[in-house]
Amino acid sequence: MKTGVRTVTAILGAAALIASCGRSTEQAQETQPSTPPAVVTPVVASVVAPPIPVPATDGKDHLAYELQLINTLTQDVTLTSLAVVAGDQTLMTLSGDNLKYWTRVIGNPTPTTKLGPGQTALVWVDVALNRPTTIPGELTHQLGIAVTKPQPPLLPATMTETVGQVSVQIRTPVVIAPPLDGPNWLNGDSCCDMTAHRMAMNPLNGELWAAERFAIDYIQLGPGGRMFAGDKTKPESYPSFGADIYAVAEGPVVSVLDGLPEQVPGKSPTGLPLDQYAGNHVVQDIGDGNYALYAHMKTDSVKVKPGDELTAGQVIGSLGNTGNSDGPHLHFHVMSTADPLASNGLPFVFSSFKLNSRMVSQEALDSLLNGQPAQLQPGFPIRDETDVSPLVLDVMTYATGQ
């Protein structure tokens, strides 16, 4: 009886790879295809959704996406570095605490570079390229790893894998008008840092969806740069409460939900079914596979119905605090399907707006939520912006009809 060839991962103590039974050397040489030799990659990788380049207010084109990593071993693996490569050019490198900042094991919100046996992690990648530049057509990832129980020659103590090849999407972000009007609109939660929106990965219908990859939470700063004045638990204490919300483009209304009650500001709602997470909301088809979501609208304020053909700048309702919301704001994003949660978040750019300032840090948002004035970057150059996307912490003035 002839003994079958042991698989590579049986030797490494990992999940089984497919290996053929033994054949003669002569046969193997005759039938061997002209392809690169197989290489052991204990951590396998894939990209959740191919990136789409988007120009932003920092003068750079951003490729924002998520790299999923799976440790196939029965031992811990430590990530030591990650490089994003296009051809012979290295576009970005992360290591040490910087890599840790962008990495989470699924189900654990703590930053880490360690993957336990069989664990899956996500690295939130933001490749920022100075404009003007040539956008690469394809990306690969060089992942440095270290193991606790090396088994040379197949599994050395440290190694660099080439994994997660992905083509960059050639589509361009949709150009839209602002959904709000007036001064001091803060982009409180959006691309491309490690915000709650960027890290929201929805496990729905057997897939992971990053519907909020580019989503914006709009908060209006009132007198003295404060988010609210008076009783924090009253929606009326917030200057944005009841503000008009405008359609960002032409296109039909796909779905509407209205009639949900206002939530109490300062408290996180619990017990919501999936269809109420967006609160009172409107979904609009704005063409070319782009759907706009206007969420958390004021109770009984929606002025449109499914099938209505909207024009850019048309009032569709009012800003509120319904659904999964702990303070009055407009949640806006563009997505690949008409489902607010089971969709892939798509980038978008605004045709025109004024960039007034930028908050100093995400940590400064905590004091803003507690009633303190916004901490803005000193000496910020006020400027008009055209066909770019706001970044998290930007403070803007919008004018409808632009």
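Above: the structure in question.
Computed from a predicted model, the values in this text were never measured in an experiment.

Okay, the environment of V85 next. As for its position among the elements, V85 is in strand β4 (residues 77-86). On the accessibility criterion, V85 (6% relative accessible area) is buried. A C-alpha to C-alpha distance of 49 Å links V85 and P261, two positions 176 residues apart in sequence. Those residues in contact with V85 that lie beyond four places of it in its chain are T90, E138, L139, T140 and Q142.

Here we come to the pattern of salt bridges. Applying the stated criterion across every chain, the model contains six salt bridges. One salt bridge in this structure joins E66 and R198, with 3.9 Å as the shortest N-O distance. With E66 in strand β3 (residues 60-71) and R198 in helix α4 (residues 196-199), this pair connects stretches of sequence that are 132 residues apart. A relative accessible area of 0% means that E66 is categorised as buried. Assessed through its relative accessible area of 0%, R198 is described here as buried. The partner of K305 in a salt bridge is D308, and the shortest N-O contact between them spans 3.0 Å. A relative accessible area of 21% means that D308 is categorised as partly exposed. A cluster of three or more residues bridged by salt bridges with shared partners is formed by E66, R198 and R213.

A complete count under the given rule lists one disulfide for this structure. In this model, C191 is linked to C192 through a disulfide, with the two sulfur atoms separated by 1.9 Å. Between C191 and C192, the S-S torsion sits near 90°, and that sign places the bridge as right-handed. C192 gets classed as buried once you look at its relative accessible area, which sits at 7%.

As a further point, take unusual backbone geometry. The step from P152 to P153 runs through a cis peptide bond, and the omega angle for that step is 5°. For P153, the location among the structural elements is in the loop between β9 (138-147) and β10 (158-167). Cis peptide bonds are those with omega within 30 degrees of zero, and the linkage from C191 to C192 qualifies with 15°. If you trace the backbone, C192 turns up in the loop between β12 (182-187) and α4.

This model, assessed by the stated rule, comprises 10 aromatic pairs. Relative to Y238, the ring of F228 has its centre 5.3 Å away and its plane inclined at 40°; by these criteria the two rings are tilted. Taken together, the residues F228 in the loop between β15 (216-220) and β16 (244-246) and Y238 in the loop between β15 and β16 connect sequence positions 10 residues apart. When sorted by exposure, F228 lands in the same class as Y238, which is buried. Seen from their ring centres, F353 and Y398 are 5.9 Å apart, and the 80° between their planes marks the pair as edge-to-face. Of the two residues, F353 is situated in strand β25 (residues 353-358) and Y398 in strand β27 (residues 394-398); the sequence distance between them amounts to 45 residues. Members of the aromatic cluster, each reached through a chain of ring pairs, are W185, Y218, Y294, F332, F348, F350, F353 and Y398.

Take the nonpolar core next. Core analysis: the biggest nonpolar cluster contains 43 residues, and I176, Y218, Y294, I316, F332 and F348 have the highest contact counts within it. Breaking this core down by element, the ones donating at least two residues are β11 (174-176), β15, β18 (280-287), β19 (290-297), β22 (330-335), β24 (348-350), β25 and β27. Non-local contacts of I176, meaning those with residues more than four positions away in its chain, are made with V248, A249, I286, F332, F348, V349, F350 and S351. V125, I145, V147 and A210 belong to the second-largest nonpolar core, a separate cluster that totals 38 residues.

Quick look at the pairing of β19 now. Counted residue by residue, β19 has seven buried out of eight residues, so it is predominantly covered. Where β19 and β22 come together, five bridges link them in antiparallel fashion. Counted as the bridge partner of A292 is V334 from β22.

Reading the values: rules and limits
- Residues numbered from 1 in each chain as written.
- Predicted model: local features only at pLDDT ≥ 70, side-chain atom pairs only at ≥ 80, totals over all residues.
- Heavy atoms only, no water.
- Helix = DSSP H or I, 4+ residues; strand = E, 2+ residues; numbered from the N terminus.
- Buried < 20%, exposed > 50% of the residue type's maximum accessible area, 1.4 Å probe, protein only.
- Contact = heavy atoms within 4.5 Å.
- Salt bridge = Lys/Arg side-chain N within 4 Å of Asp/Glu carboxyl O.
- Disulfide = S-S within 2.5 Å.
- Phe/Tyr/Trp six-rings, centres within 6.5 Å; stacked < 30°, edge-to-face > 60°.
- Core = buried A, V, L, I, M, F, W, Y, C linked by side-chain atoms within 4.5 Å.
- Pairing = 2+ DSSP bridges.

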